Amino acid sequence: MSHFRILIVDDEEAMRESLAAWLLKGGHRVDTAASGPEALERMAVDDYDLVMADVKMPGMDGLELLSRIKAEYPFTLVVVITAYGSIESAVTAMKMGASDYLLKPFDPEQLVLLVEKMVSQRGLIKENIALKARILESQTRGFEDLVGASEPMRRVFALIEDVAPTEAPVLITGETGTGKELVSRAIHARSNRAFGPFVAINCGAMTETLLESELFGHERGAFTGAVKARRGRLEMADKGTLFLDEVGEISPQMQVDLLRVLEEKSFNRIGGNELVSSDFRLICATHRDLAAMVEEGQFRSDFYYRINVISVRLPPLRERLEDIPLLASYLLDGQAREAGRRIEGFTPEALEVLTAYAWPGNVRELKNVVERAVIIARGQMIGLEDLAFLRPAAAEGPRLLSLKEMEIDHIQRVLEACEWNVTRAGKLLGIDRVTLSRKIKRYGLVRPGRS
Amino acid sequence: MTAQPPAGSAGGEVHEAGPAGPALIRVVPLGQIDQVAVAVVAANLQALLDLTAEIAPAQPLPEQARLKARDQYDASLIIKALRSDSTGPERPPPLVIGLIPSDLCLPLLTYVLGEAELGGRAAVVSLFRLAGPGPDQTPRHLVYERLVKVALHETGHLLGLTHCRVPVCLMNFSPSASRLDELSLELCPVCRRLARRGRARLRA
């Protein structure tokens, strides 16, 4: 794009028309306005790439017009024109966001070069806008992954819309696999920080020492193995959103440290003396009942109240069974496309089975099930036979299981729901990792797809 | 490139140069202008833009356009005056271009080499800066060549052409005498086509 839509604003007709005539010869589309208010009226109906405004105008002067344009049309470039002897107004204009200024009278070459510069700047801005739109689109796809027409989900969507534009910390609660991270991404994508970083960390997946280092970063030599300085996630989230998943796993000491960071918006890296500041919006998630943990003294109340300004509860899948057909179809579309298979949908019997199942692993488990079904399905519809690996009572008929069978079944399901993360599964089952690993070995439990 | 002025041209008559047919552009000397320069411009307008040209009698410098403080003439005011000029025995040509020895400017611009309305009727060109800076006398032929280029460029605007990005095209923007020397005396193929269209509109 080398030609512009330009608006010239000057109360002096001769100046206006003369500049317009010049720019027209450059092949640009030019409109004129005799005053600031007239310019704003024009801008309300037409898009302009560049506004060239004289600083000295009666009523609304060029600087006030500049400030209005920057507020209402942030992507429009503005060049102010001012007379020699009033360079201060040019400097002020630059500080207010003008792209450039011209001191009249100016050389014709200066004018042509300036417009060329604006054209190239505008090209960059447009590229940037397009890029951001693509990013936003891909981020809001996260919202589309939160599929649901049920009342509980509609409430969640409405809450996300309300909460997102604020800076309030959000605590997302819900069982494992309900989409807590998706919700946090959806909030981020709809916030004023959408173009900033989204930094996630799973507090349950690491030891306290590792978590501290991941969050706060460290200086070189802070501990054995710290061969170079490293930025922590708190720093990386500056101007963006920090998502603390499984915040219920954080130790009381870590809660104190984080509380201080939230209050002061600054911290030291491990082994560092320099104060690092970071301005982030906090979203936390947990499957635990933090309120109960606070009452039992297992979670700090001051930290709890700090992170729980807004609460979003994600319903488990069994509380929104009416969403299963919709969700399953949505997941099927994605999985089939990825697998390069043409699969039209589910048979009514298959849907019945899906809807009857309890889904302890929630949406994540459903996604796994659909993924497996897509792989093993022979025809163009997912039928009962493709869901045989699912062990709901509805598929096999009610059966009385021995304790051992129930244990195997339950462990298998929890492992699937946790994507075979033994540490997490152990926590859910209330046993330690080592014990769980022994049971897996004893019962010969094997992750699907592995020998 | 150079041409002799037609015989008897000092008598205040309008002279046509070139092929028969009504003149499409009138060349108007303003003030004391070298008559050879005037003839050269007329001849090249004809040869290179296919615009039958006539040379008007010299007119005085338009004092109403003079900006005393800047010692320059406001090109837009000269164009206004030229636009409304209808001297001559018959209907004036659709286009008119004035040649002026003095420095030209616009209120907003420090100087211009020439000025024209896009798709309009009138243009004006100055010889003032075509001799270039420095004490050495620029060869006459070079001054004429630069003058022709500016005149053709401004006339291009009258035919509706805007600035062209092709570096050597006559319609490429040139702010200085030295930059003018880099231009060819030709329009690029696209501008040539557009000029033909502009001319056809004049003849219609």
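Residues numbered from 1 in each chain as written. Chains lettered and ligands numbered in written order. Predicted model: local features only at pLDDT ≥ 70, side-chain atom pairs only at ≥ 80, totals over all residues.

## Quick look at the sheet that holds strand E1 (residues 5-9) of chain A
Within a sheet, neighbouring strands are paired by backbone hydrogen bonds and run either parallel or antiparallel to one another. Residue and element names in this part refer to chain A. Taking strand neighbours across the sheet as the criterion, the five strands line up as E2-E1-E3-E4-E5 in an open arrangement whose pairing is parallel. Pairing within the sheet leaves two strands with one partner each, and these edge strands are strand E2 (29-33) and strand E5 (100-104). Strand-to-strand twist of the sheet, defined as the mean angle between neighbouring strand axes without regard to direction, takes the value 20°. Here E1 pairs with strand E3 (residues 50-54) via four bridges, running parallel. Of the residues in E3, the one forming a bridge with Leu7 is Val51. Contacts between helix H1 (residues 13-25) and the sheet are confined to E1, E2 and E3, with E2 contributing the most and set at about 170° to the helix. Across the sheet, helix H2 (residues 36-45) lies against E1, E2 and E3, angled at about 160° from E1, the strand it touches most. (Pairing = 2+ DSSP bridges. Helix = DSSP H or I, 4+ residues; strand = E, 2+ residues; numbered from the N terminus. Axes fitted to C-alpha atoms, helices over the stretch in contact; angles between N-to-C directions. Contact = placed C-beta atoms within 7 Å.)

## Some words on helix H13 (residues 324-339) of chain A
Given 3.6 residues to a turn, an α-helix orients residues that are three or four positions apart in the same direction. Residue and element names in this part refer to chain A. In this model H13 runs 21 Å from its N-terminal to its C-terminal C-alpha over 16 residues, within 8% of the 22 Å that 1.5 Å per residue would give. All of the buried residues in H13 are Ile324, Leu327, Ala328, Leu331, Leu332 and Ala336. Seen from one end, H13 has its buried residues packed into an arc of 155°, which puts them on one side. Packed against the buried residues of H13 are strand E15 (345-346), helix H14 (348-356), helix H15 (362-376) and strand E16 (381-382). (Expected span 1.5 Å × (residues − 1). Buried ≥ 20, exposed ≤ 12 C-beta atoms within 10 Å, placed from the backbone. Arc of directions from axis to C-beta.)

## Some remarks on the packing of helix H1 (residues 35-49) of chain B against helix H3 (residues 140-158) of chain B
Residues and elements named next belong to chain B. With their axes 9 Å apart at the nearest point, H1 and H3 run at an angle of 50° to one another. Here H3 runs oblique to H1, going by the angle between their axes. The element H1 and its partner H3 pack so that their crossing is right-handed. Of H3, the residues touching H1 (which contributes Ala37, Val40, Val41, Asn44, Leu45, Leu48 and Leu49) are Tyr144, Leu147, Val148, Ala151, Leu152 and Thr155. (Parallel < 35°, antiparallel > 145°, perpendicular 65-115°, else oblique. Left-handed = near helix turned anticlockwise from the far one by under 90°.)

## Quick look at the interface of chain A and chain B
With 16 residues of chain A in contact, the opposing surface of chain B contributes 15 residues. Elements with a minimum of two residues in the side of chain A that touches chain B: H1 and helix H5 (108-145) of chain A. Within the side of chain A that touches chain B, the residues separate by chemical class into nine nonpolar, three polar and four charged. (Nonpolar A, V, L, I, M, F, W, Y, C, P; charged D, E, K, R; others polar.)

## A short note on the packing of helix H17 (residues 403-417) of chain A against helix H18 (residues 422-429) of chain A
Residue and element names in this part refer to chain A. At a minimum axis separation of 9 Å, H17 and H18 run at an interaxial angle of 130°. Viewed along their axes, H17 and H18 adopt a mutual orientation that is oblique. In terms of crossing hand, the pair formed by H17 and H18 is right-handed. On H18, the residues touching Ile411, Val414 and Leu415 of H17 are Ala425, Leu428 and Leu429. Its residues assigned to classes, the contact of H17 with H18 comprises six nonpolar, no polar and no charged.

## Describing the nonpolar core
Within soluble globular proteins, side chains that are nonpolar tend to cluster in buried spots. Val27 and Val41 of chain B are the most contacted members of the largest nonpolar core, which has 96 residues in total. Per element, the largest residue contribution to this core is nine residues, and it comes from H1 of chain B. Dropping the residues within four chain positions of it, Val41 of chain B is found in contact with Val27, Leu99, Leu147, Val148 and Ala151 of chain B. Core analysis: the next-biggest nonpolar cluster, separate from the first, contains 38 residues, Val163, Ile187, Cys203 and Ala237 of chain A among them. (Core = buried A, V, L, I, M, F, W, Y, C linked by C-beta atoms within 7 Å.)

## Looking at the sheet that holds strand E8 (residues 109-112) of chain B
Residues and elements named next belong to chain B. Taken in spatial order, the four strands line up as E4-E5-E7-E8 in an open sheet, and their pairing is mixed. In this open sheet, the two strands that pair with only one neighbour each are strand E4 (66-67) and E8. In this sheet, strand E7 (residues 104-106) lies alongside strand E5 (residues 72-74) in parallel orientation, the contact comprising two bridges. Counterpart to Tyr73 in the pairing with E7 is Leu104. Of the strands in this sheet, E5, E7 and E8 touch helix H2 (residues 75-83), which is tilted by about 55° from E5.

Note that all results are geometric; they support no functional claim without further evidence.
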